[in-house]
Amino acid sequence: MLAVARSGRYILGPNVDHFELDLARFVGVSHSVGVGSGTDALYLALAGIQLEHGSEVVTSPFTFIAAAEALHRVGARVVFADIDLLDFSLSVDATDAAVTARTVGILPVHLFGSPCDIQNILAIAESRDLFVLEDAAQALGARWNGKRIGSFGVAGAASFFPSKPLGGMGDGGAVLTNSSELAKRVRSLRVHGARSMYVYDRFGTNSRLDELQAALLQVKLPQIDKYAISRRRIAAIFGNALAGNEWIRPLGGRPYGESVYSAYTVSVPRGRDELANHLRARRISTAVYYPKPLHLQPVFASLGYRVGSLPNAERASATTLSIPIFAGMPDQWINRVIEGLLTWRPPTRGG
Ligand SMILES: *Cc1c(COP(=O)(O)O)cnc(C)c1O
């Protein structure tokens, strides 16, 4: 850190170069390009893919807004397909059904640290000649059949927002890709579309990773598997405690998927908000990711979705609750959360 301060190089320097190489090796891709945020990683990857205006991309309605927003920003038409209630990521059948003659790509999101059914999403993409861009913001380090998330599609987007699996001390992100062509375009787009100093091939933006973040992230990167193992252990304890619970159900995983549990999310078919209150009274904080699905957000009103259009996403918004999980969580805290969960009963109907 001090070395960075003394060097006088604060944006895109040797630390960023090193970190980009380490990250690419970690994920198992040929290139990683450090950018200003996960949101920008999605946007710049899409800008680098060069979609025609109005072409359709299928994505999830139950996630953080960044992916759909990036699609809008590059002029694509956002098509929301419903989610699978097993893992709350894009449903393969719904994705398949949402593809039309105008579809050019699929943008799946690996939610809560858990890999979506990427193999079957890829199969759809290959059979219809579509690109796949993975939103890996919540799932860096997760694996599908041994292969890291973010290495499956034409590109993956990583975020280094502090609460993500590889968190920095500020904003940051990266585009992951095996395409040297795409990596080159993103490298240019992050510096205003420049080919060389003050020669511009295209319009870009200012979105770069800084040296202090890169120096920190480089030190943290080799640790993230260890943190994920710790969270997986805690998730297994929660899962065992909730086995057979009628009222609170842990989200399911897929046979080939290895989650990094950036969140531990349960589904509460009846009384989700009451459970949150019950836990708050025991000083256990919870979060609702995400209380309103994207297809019902005012900003996407022009797309014409209605209540009932995507029932699984709507159900997920009404019933999921994320409970505390972090690497090295003391047993005492784990037990307190479990005690809170097991002492709860849903409100009885009708009074
Ligand atoms: C956090 C997040 C992003 C955006 O990352 P930022 O670095 O905050 O811009 C995108 N997609 C998902 C699913 C996220 O959780």
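Our subject is the structure that appears above.
Residues numbered from 1 in each chain as written. Predicted model: local features only at pLDDT ≥ 70, side-chain atom pairs only at ≥ 80, totals over all residues. Heavy atoms only, no water.

S.K.: When you look at the site of the ligand in this model, what are you seeing that I'm missing?
M.R.: In the region of the ligand, 15 residues are neighbours, and Gly 38, Thr 39, Asp 135, Ser 159 and Lys 164 sit closest. Within the side chain of Ser 159, a nitrogen or oxygen atom sits 2.7 Å from an oxygen atom of the ligand. Interatomic distance of 2.8 Å between a side-chain N/O atom of Lys 164 and an oxygen atom of the ligand. Notes on the ligand: free accessible area 380 Å², of which the protein chains cover 92%. One can see that the ligand is located within the largest pocket. (Near = heavy atom within 4 Å. Polar contact = N/O pair within 3.5 Å; in protein donor to acceptor, adjacent residues only side chain to side chain. Areas by Shrake-Rupley, 256 points an atom, 1.4 Å probe, with all protein chains shown as cover. 1 Å grid on protein atoms, 1.4 Å probe; cavity = no way out; pocket = protein on both sides within 12 Å on 5 of 7 lines; lining within 4 Å. Sits in = over half its atoms within 2 Å of the grid points.)

S.K.: Explain the side chain of Thr 319 here, please?
M.R.: The topology assignment puts Thr 319 in helix α11 (residues 311–319). Given a relative accessible area of 9%, Thr 319 falls into the buried group. Of the polar contacts made by the side chain of Thr 319, one reaches the backbone oxygen of Arg 315; its length is 2.8 Å. With near-sequence residues (within four places) excluded, Thr 319 lies in contact with Val 266, Ser 267, Val 268, Pro 269 and Arg 272. (Helix = DSSP H or I, 4+ residues; strand = E, 2+ residues; numbered from the N terminus. Buried < 20%, exposed > 50% of the residue type's maximum accessible area, 1.4 Å probe, protein only. Contact = heavy atoms within 4.5 Å.)

S.K.: Even after reading the chapter, I still don't get the pattern of salt bridges, so can you show me in this structure?
M.R.: It is possible for side chains bearing opposite charge to pair when their charged atoms get close. Applying the stated criterion across every chain yields a total of 17 salt bridges. The salt bridge involving Asp 22 is made with Arg 25; its shortest N-O contact spans 3.5 Å. Highlighted residues: Asp 22 and Arg 25, both in helix α2 (residues 14–27), separated by three residues, approximately one helical turn. Overall, the relative accessible area of 24% leaves Asp 22 in the partly exposed class. What makes Arg 25 exposed here is its relative accessible area of 60%. (Salt bridge = Lys/Arg side-chain N within 4 Å of Asp/Glu carboxyl O.)

S.K.: Teacher, can you tell me more about the layout of surface pockets here?
M.R.: Think of a ball as big as a water molecule: rolled over the atoms, this probe shows where empty space is left. In this structure, the largest pocket encloses a volume near 910 Å³. Lining the largest pocket are 38 residues, with Phe 161, Ser 163, Lys 164, Ser 262 and Tyr 289 positioned closest to its centre. Listing elements by their share of the lining of the largest pocket, those giving two or more residues are α3 (38–49), α9 (224–242) and β15 (320–323). Across the lining of the largest pocket, the residue classes break down as 21 nonpolar, 12 polar and five charged. (Points joined across faces, edges and corners; volume = space filled by probe spheres on them. Nonpolar A, V, L, I, M, F, W, Y, C, P; charged D, E, K, R; others polar.)

S.K.: I tried to follow the side chain of Asp 40 on my own but got confused; where do I start?
M.R.: For Asp 40, the location among the structural elements is in helix α3. Looking at Asp 40, the relative accessible area reads 15%, which means it is buried. Sequence-distant contacts of Asp 40, defined by excluding residues within four places in its chain, comprise Val 35, Ala 45, Arg 73 and Ser 207.

S.K.: What is the right way to look at helix α6 (residues 118–128) in this model?
M.R.: Along an α-helix, residues three or four positions apart point the same way, because every turn accommodates 3.6 residues. Residues of α6 that are buried: Ile 118, Ile 121, Leu 122, Ile 124 and Ala 125. Viewed end-on, α6 has its buried residues packed into an arc of 160°, placing them on one side of the element. Residues of α6 that are exposed and angled more than 90 degrees away from the buried face: Glu 126 and Ser 127. On the buried face of α6, the contacting elements are α5 (92–98), β4 (103–107), β5 (131–135) and β6 (143–144). Among the residues trailing α6, Asp 129 stands out with phi positive, at a value near 60°. (Arc of directions from axis to C-beta.)

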